[in-house]
Amino acid sequence: PVLEFPLAFSTRRPPSTAERDARMRVRLAALALLLASANALAVRPDKAGCTDHPLFPTRMPNYYIAACESKEFTAWPFKLQKGKTRVVEGKYTFITYAVDDRKDDQAGVAVVRNYENALKKIGGTVADSVPNWWVNGSVVVDGKEVWAEAERGNGRIWLRIVEKQEMTQHVV
């Protein structure tokens, strides 16, 4: 019997430089899409039931919401320098943002400046800050005074917001 083997080399003509370039562009685009989707999936999903506060609807890149808490009325002592505080009473929201990989952690000054600028952009004022650690300030939203504090450390950002209001009297 005669054995036939397929040719090891194609009998087609070799691709032109333009065809090779087009194939390379397609491969590079597919690789870029794959890497982009992997990065998008790399950030852990937010804790169920937690969302960004409307005062700051966006967040620092690569952070997810690890925890959140809301109380209809409480008092929070906002930091001031030299160990002093300013206590504000009202509706309290606490959000903890975190990164899984510390290489994605933002520098303290970047976090503080981002929140300072965001507060100023909506007409607020910065009350006090320590540039590498925390910032707080206030803004009037819909006629209500709102205080906010962003603090950064150990791969986390803690955001505390108090919408100033009177306590509802339940006991008569």
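Look up: the structure comes first, before these words.
Residues numbered from 1 in each chain as written. Predicted model: local features only at pLDDT ≥ 70, side-chain atom pairs only at ≥ 80, totals over all residues. Heavy atoms only, no water.

### Here we look at the environment of Asp128
- By the secondary structure assignment, Asp128 is in strand β3 (residues 125-130).
- Under the relative-accessibility criterion, Asp128 is labelled buried at 17%.
- Separated by 49 residues in sequence, Asp128 and Lys79 place their C-alpha atoms 7.7 Å apart.
- Residue contacts for Asp128: discarding those within four places in its chain leaves Lys79, Leu80, Gln81, Trp134, Val135 and Asn136. (Helix = DSSP H or I, 4+ residues; strand = E, 2+ residues; numbered from the N terminus. Buried < 20%, exposed > 50% of the residue type's maximum accessible area, 1.4 Å probe, protein only. Contact = heavy atoms within 4.5 Å.)

### A short note on helix α2 (residues 108-121)
- With 14 residues, α2 should reach 20 Å at 1.5 Å per residue; the first-to-last C-alpha distance of 20 Å fits that figure.
- Of the positions making up α2, those classed as buried are Gly108, Val111, Val112, Tyr115, Glu116 and Leu119. The arc enclosing the buried residues of α2, seen along the axis, measures out at 130°, which places them on a common side.
- The elements touched by buried residues of α2 are β2 (85-98), β3, β4 (134-141), β5 (144-153) and β6 (156-164).
- Phi for Gly123, located one or two positions after α2, is positive at around 95°. (Expected span 1.5 Å × (residues − 1). Arc of directions from axis to C-beta.)

### Here we look at the side chain of Arg160
- Inspection of the secondary structure assignment puts Arg160 in strand β6.
- Given the relative accessible area of 11%, Arg160 is considered buried.
- A polar contact of 3.2 Å, which involves the side chain of Arg160, links it to the side chain of Glu151.
- Leave out the neighbours within four places in its chain, and Arg160 touches Trp76, Phe78, Tyr92, Thr93, Phe94, Trp147, Ala148, Glu149 and Glu151. (Polar contact = N/O pair within 3.5 Å; in protein donor to acceptor, adjacent residues only side chain to side chain.)

### Describing a nonpolar patch on the surface
- A contiguous nonpolar patch, built from Met24, Leu28 and Leu31 and spanning about 280 Å² of accessible area, is present on the exposed surface.
- Structurally, Met24 is set in helix α1 (residues 17-42). (Patch = residues over 30% accessible without salt bridge, like charges linked within 9 Å, V, L, I, M, F, W, Y side chains within 5 Å. Areas by Shrake-Rupley, 256 points an atom, 1.4 Å probe, with all protein chains shown as cover. Salt bridge = Lys/Arg side-chain N within 4 Å of Asp/Glu carboxyl O.)

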